[in-house]
Amino acid sequence: MTAPHQPATNPFRQPRAVWAVAFACVISFMGIGLVDPILPALAGDLHASPSQVSLLFTSYLVVTAVAMLVVGAVASRIGPKRTLVVGLAIIVVFAALAGTSDTVGQIVGFRAGWGLGNALFIATSLAVIVASASGGFAGAIILYETALGLGIAVGPLLGGELGSISWRGPFFGVAVLMAIAMIATLLFVPALPKPERPTSLGAPLRALRHRGLLTMGIMALLYNWGFFTMLGYAPYPMELGAHDLGLVFTGWGLLVAIFSVFVAPRLQARFGTAPVLYVNMAALAVVMVVIAAGVTTPATVVVAVIVSGAFIGINNTLTTQAVMLVSPVERSVASSAYGFVRFIGGGLAPFVAGKLADATDLGVPFYVGGVAFLLAIPVLATGRRLVTAAESGAAEPVGPVLEPVGAAVTADSRPVLVAVGATPEAAEIVDAAAALARDQGSALEVVRIRETVVLEELAIEPEDAEHARAAVREHLDRLARHGVAATGQILTSVGDHAAAGRVLARHAADLRARAVAVGRSAHGPAVQFAEGSFTTALTDAATCPVVLLGAEEELASS
């Protein structure tokens, strides 16, 4: 028996549909970074105070927050593609209208409409990329991470360059680029199926009754209060033009992207989610105090803002992951409920900061933002036990859990376990493990790894439970036709690769397994055995040998 050979896939060789949505993601991730460099110019040219200009953030984020309560229900009824196109169309219209405005009030109103389009877009963009990508889920995630990094880093730079010509430039720039993305989406993205069950309109608010989700949501609200206070008001004491502000926030954006994608997962795997967030919130509070104390020294504010990008990147990933770890509801519902709470905090903060600055001085809002970061620590502490239990696999049903598929394997049989994911090479790895089990005279247990992946502030499930069960049954049927005794499991985990590895190691110990087999990573041993990886955690915790399998170790044809 030999599974059909699947060549290694290049994550950047994707259908046009994926590139169309990825391009839109880059523009979307430019987001607020695109607008930040033009805030002082807006205030000067339109004769508005910083507190009036701050309403650009408030209207945008509050509307996004409220819309998050309904976007899941909308997407489940009209389908992902239509939701995506409607969101893009709304962004194009309102970004263009903002560029034609003559008063701050008009821009504030049009930014509210932009926020509605943004909510519809972010609710479906990653899901559409995953559904359309070739080469499996891993390639889609690499592409999405690339779009995220480009958008966050390039947004302020483009905003600064266009803003140095006119403050209207970034608004028209977004409208043109999103129009191109919308046309490409219409032409290249196929119609995608709707979920079998539509999401209830009231599901996100009902989800907030769960203590863990509400606690993590309040923590995120406080974090976003401090974050958007800094983002909305730091440009003013820097006393820079649009071009130089763009360079400053490009440096900030680069750190956000790097620490979000590469550093946060490693810190979380080594120290745990809650301890990293404690230290990070305290560090952000210190940054805010430095800005407040040095508000009359532009160089101090510039350096502090750039450095804060590292802490923002870590927080954006781990706060979302903490929410997903403790949420006993569907991921899409949890994301909507969490988005509502955190965007409310982000929207109200600039408005309150503006009132404080008008009544006192520009340093006070930053002190208040620092206090918000500090208050997030005791709020997180009240839910730390839930987060820690979920990471260790002791919490049900939100921790990593195993679901049997097929007949149970007993410890007396001392099976060989093989762990595979939703990759093109899965069948080859299972067949290679079958050869290993046959050589050792053991039964085989196929464990399908089904993870919720957390990227920045989004969470997505690469496959639903039924698809995972069908994939395991397909492996079992193929093995049975060739006389291989096998059973299956589905291991469901949230974001933390290491937690899934530890759970599988404990399961192997309970079964007194002879070995646990995993496939070789297409990205090489440096990635596969990086700190915080699934394979590293499995190897460290396993009491039996862990075997790496490749295509060359297949079960011979019979």
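Everything discussed here concerns the structure shown above.
Every chain begins its residue count from 1, and numbering advances along the sequence as written. The model is predicted, so local features are restricted to residues of pLDDT at least 70 and side-chain atom pairs to those at 80 or more, both for listing and for counting; the totals for chains, interfaces and linings are taken over all residues. As a rule here, side-chain values come from all non-hydrogen atoms in the structure, and water together with hydrogens is ignored.

A. Looking closely at the nonpolar core. The biggest cluster of nonpolar side chains holds 124 residues, and the ones touching the most others in it are L56, F171, M230, M238, W252 and V305. Note on contacts: a residue pair is in contact if any heavy atoms of the two residues lie within 4.5 Å. In this view, M230 contacts P235, W252, M288, I291, V305, S308, I312 and F366; residues no more than four positions away in its chain are not counted. Nine residue types can take part in a nonpolar core, namely buried Ala, Val, Leu, Ile, Met, Phe, Trp, Tyr and Cys, and a core is a set of them joined through side-chain atoms within 4.5 Å. To sort residues, take the accessible area from a 1.4 Å probe on protein chains only and compare it with the maximum for the residue type: under 20% means buried, over 50% means exposed, and anything in between is partly exposed. Residues L436, V446, A468 and L479 belong to the second largest nonpolar core, which totals 22 residues.

B. Region of interest: the pairing of strand 6 (residues 515-519). With five of five residues buried, strand 6 is to be regarded as a mostly interior element. Each helix is a run of DSSP H or I of at least 4 residues and each strand a run of E of at least 2, with the numbering of both proceeding from the N terminus. Neither face of strand 6 is left uncovered, since the one carrying A515, A517 and G519 and the one carrying V516 and V518 both have all their residues buried. Criterion used throughout: strands pair if DSSP finds at least two bridges between them. Sheet topology note: the strand 2 (residues 416-420)/strand 6 ladder contains four bridges and is parallel. Residue pairing across strands places V418 opposite A517, the latter belonging to strand 6. As paired elements, strand 6 and strand 7 (residues 546-549) share four bridges and run parallel to each other. Bridge assignment links V516 to a residue of strand 7, and that residue is V546.

C. Examining the packing of helix 4 (residues 55-78) against helix 6 (residues 104-132) more closely. Whenever a helix is involved, its axis is fitted only over the stretch in contact; in every case the axis is a line through C-alpha atoms, and angles between N-to-C directions fall within 0 to 180 degrees. At a minimum axis separation of 7 Å, helix 4 and helix 6 run at an interaxial angle of 30 degrees. Between helix 4 and helix 6, the interaxial angle falls into the category roughly parallel. The crossing of helix 4 and helix 6 is right-handed. Looking at side-chain class alone, the contact of helix 4 with helix 6 contains 19 nonpolar, five polar and one charged residues. Should an angle lie under 35 degrees it is considered roughly parallel, over 145 roughly antiparallel, and from 65 to 115 roughly perpendicular; all remaining angles are considered oblique. Note on convention: near helix rotated counterclockwise from far helix by under a right angle means a left-handed crossing. Clockwise means right-handed. By the convention adopted, Pro, Cys, Tyr, Trp, Phe, Met, Ile, Leu, Val and Ala count as nonpolar, Lys, Arg, Asp and Glu as charged, and the other residues, Gly among them, as polar.

D. View of the side chain of H475. Along the polypeptide, H475 turns up in helix 19 (residues 465-481). If we ignore the near neighbours within four places in the chain, the residues touching H475 are V420, A426, A427, V430, V446 and R448.

E. Local environment of helix 4. Look at helix 4: 32 Å from first C-alpha to last across 24 residues, which is about the 34 Å you get at 1.5 Å a residue. Throughout, the bend at a residue refers to the angle made by two axes, fitted to the seven residues ending there and to the seven starting there. At M68, helix 4 shows its largest kink, close to 45 degrees. In the segment just after helix 4, G79 is the residue with positive phi, at about 95 degrees. Helix span is expected to be 1.5 Å times the residue number reduced by one.

F. Quick peek at a nonpolar patch on the surface. Nonpolar side chains collect at one region of the surface, where V70, V74, I78, V86 and L201 lie side by side and expose about 350 Å² of accessible area between them. When residues in the nonpolar patch are grouped by element, the largest group, three residues, is from helix 4. Residue position: V74 is located in helix 4. On the accessibility criterion, V74 (31% relative accessible area) is partly exposed. Excluding any residue in a salt bridge, patches collect residues exceeding 30% relative accessible area, merging like charges within 9 Å and nonpolar Val, Leu, Ile, Met, Phe, Trp and Tyr side chains within 5 Å. In this description, accessible areas are obtained by the Shrake-Rupley approach with a 1.4 Å probe, and a residue is regarded as covered only by the protein chains that are shown. Here, a salt bridge means any side-chain nitrogen of Lys or Arg that lies within 4 Å of a carboxyl oxygen of Asp or Glu.

G. View of the packing of helix 4 against helix 5 (residues 80-99). Running from amino to carboxyl end, helix 4 crosses helix 5 at an angle of 125 degrees, the nearest separation of the two axes being 6 Å. When the interaxial angle is binned, helix 4 and helix 5 end up oblique. Every residue of helix 5 that contacts helix 4 at V74, A75 and I78 is listed here: P80, R82 and T83. Looking at the contact of helix 4 with helix 5 residue by residue, the classes come out as four nonpolar, one polar and one charged.

H. Here's a closer look at empty space enclosed by the protein. Every definition here rests on a 1 Å grid over the protein atoms only: cavities are sets of points where a 1.4 Å probe fits but cannot get out, pockets are open sets enclosed by protein on both sides within 12 Å along at least five of seven lines, and lining residues have some atom within 4 Å of a point. Grid points are joined across faces, edges and corners, and a volume is the space filled by probe spheres set on the points. Tallying each qualifying case throughout the model produces three cavities of 30 Å³ or more. By volume, the second largest cavity amounts to about 90 Å³. Lining the second largest cavity are I27, S28, M30, G31, L34, Y60, I91, R111, W114, N118, V174 and M178. Looking at which element gives the most residues to the lining of the second largest cavity, the answer is helix 1 (residues 16-35), with five residues.

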